[in-house]
Amino acid sequence: MRQPRRGRIGRILGFGAGLLALPLVGFISMPVWLPKLPGGDAALIKYERSQRLMRWSFGLPMPGEPDLASYSERLKSAGVAEGAPVLIRIFKSEFELELWMQRDGVFQLFATYPICRWSGVLGPKLQQGDRQAPEGFYTVDSSALNPNSRWYRSFNLGFPNAFDRAHGRTGSFIMVHGGCGSIGCFAMTNAQMQEIWKLVTGALSGGQKRFQVQVFPFRMTPEQMAKHTNSPAIDFWKSLKTGSDLFEASNVPPKVTVCGSRYQFDPGEKGSAGSDSIDDKCTNEGAKS
């Protein structure tokens, strides 16, 4: 018995719709399966950049963005206020900037801001013009602030610091700024940067001499370290993990110095705001980083 014509057409259309849906499902699920492929991390970073640029172009918030409109309420809920010391952690692979605020002598996470754009690949910045966002430990004082930046507002990380210079790394004007455009910087949306600006300027005006910025290729978990064990940068990343682990164990900024072209980390003391500059203690070279 022949199938009714309408039933056959419906099944054909359904089959066609299924075929058309497959690429869409694959595209949407890319963050799940793409990292499992060879070179998947780099491909996923490119995918994230395209998605965030599209959101920026249409004036949409970044995925996972805090409720910026409830700024005062969020401060109150966290038990902190503008003027409290701050600390920033950046994770390139996750496109995240964390802002921590001091309360009762230790730091607590206040907000995680999705980064709109950063340039380059996982790994440190090596030279001027490589369009690579840096990794390492930096400190920022009031002289690094630029309220009239062409990128809305910005602060300079102080690259290269004493460690970078010991390794012959070159570059300048590496910023955290608004505007969602990057040739080595970490770019936020203007709305996010407005909130970050309030908190970092409040901290520096409130007595914090400089605040620490920790920049990592990814969250320094054992799983991530094992995943990247064959990377040329793995020894450098192991060093950064030492500093990361010290902070996560105590929620106090580690003491960071440089000697023999290496970072040296010591536990910070409760109540410390992480305001010491990162110097080469072997040569007594001050690094305004």
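Remember, it's a predicted structure, so these values are computed and weren't measured experimentally.

A. Highlighting the overall build of the protein. Helix and strand content of the protein: 8 helices and 12 strands. By residue count, 49% of the 289 residues in the protein fall in the buried class. Within the protein, contacts between residues separated by at least 24 positions form 59% of all contacts whose residues are at least 6 apart in sequence. Of the accessible surface of the protein, which amounts to about 14400 Å², a share of 56% is contributed by carbon and sulfur atoms.

B. View of the layout of surface pockets. There is about 360 Å³ of room inside the largest pocket. Residue lining of the largest pocket: 21 residues in total, with Ser172, Phe173, Ile174, Ile183 and Cys185 positioned closest to the centre. Considering only residue class, the lining of the largest pocket consists of 6 nonpolar, 11 polar and 4 charged.

C. Representation of the pairing of strand S12 (residues 262-266). Side chains of S12 alternate between two faces, with Tyr263 and Phe265 buried and Arg262, Gln264 and Asp266 left unburied. Pairing analysis gives 5 bridges linking strand S11 (residues 255-259) to S12, with the strands arranged antiparallel. Across the sheet, the residue bridging to Cys259 is Arg262, located in S12. From the end of S11 to the start of S12, which pair antiparallel, there are 2 residues, and Gly260 there has a positive phi angle of about 60 degrees.

D. Focus on the sheet that holds strand S3 (residues 106-114). The sheet built from 5 strands is open, its strands ordered S3-S2-S1-S10-S5 with mixed pairing. In this open sheet, the two strands that pair with only one neighbour each are S3 and strand S5 (136-140). Averaged over all pairs of adjacent strands, the angle between their axes in this sheet comes to 20 degrees, without regard to strand direction. Contacting strand S2 (96-103) and S3, helix H4 (residues 71-78) runs over the sheet at an angle of about 150 degrees to S3.

E. Focus on the sheet that holds strand S9 (residues 186-187). Strands sit in the order S4-S9-S8-S7-S6 across an open sheet of 5 strands; the sheet is mixed. A strand with exactly one partner marks an edge of an open sheet, and here the two such strands are strand S4 (117-118) and strand S6 (145-146). Strand direction decides the pairing type here: strand S8 (residues 175-177) and S9, joined by 2 bridges, are parallel. What sits directly across from Val176, in S9, is Phe186. Set on the sheet, helix H6 (residues 190-205) makes contact with S6, strand S7 (154-156) and S8; between it and S7 the angle comes to about 55 degrees.

F. Representation of the environment of His167 in the model. Position of His167 among the secondary structure elements: in the loop between helix H5 (162-166) and S8. Among the residues examined, His167 registers a relative accessible area of 41% and is labelled partly exposed. Considering only alpha carbons, one finds His167 and Ser261, 94 residues apart in sequence, at a separation of 6.7 Å.

The rules behind these values
- Residues numbered from 1 in each chain as written.
- Predicted model: local features only at pLDDT ≥ 70, side-chain atom pairs only at ≥ 80, totals over all residues.
- Heavy atoms only, no water.
- Helix = DSSP H or I, 4+ residues; strand = E, 2+ residues; numbered from the N terminus.
- Buried < 20%, exposed > 50% of the residue type's maximum accessible area, 1.4 Å probe, protein only.
- Contact = heavy atoms within 4.5 Å.
- Areas by Shrake-Rupley, 256 points an atom, 1.4 Å probe, with all protein chains shown as cover.
- 1 Å grid on protein atoms, 1.4 Å probe; cavity = no way out; pocket = protein on both sides within 12 Å on 5 of 7 lines; lining within 4 Å.
- Points joined across faces, edges and corners; volume = space filled by probe spheres on them.
- Nonpolar A, V, L, I, M, F, W, Y, C, P; charged D, E, K, R; others polar.
- Pairing = 2+ DSSP bridges.
- Axes fitted to C-alpha atoms, helices over the stretch in contact; angles between N-to-C directions.

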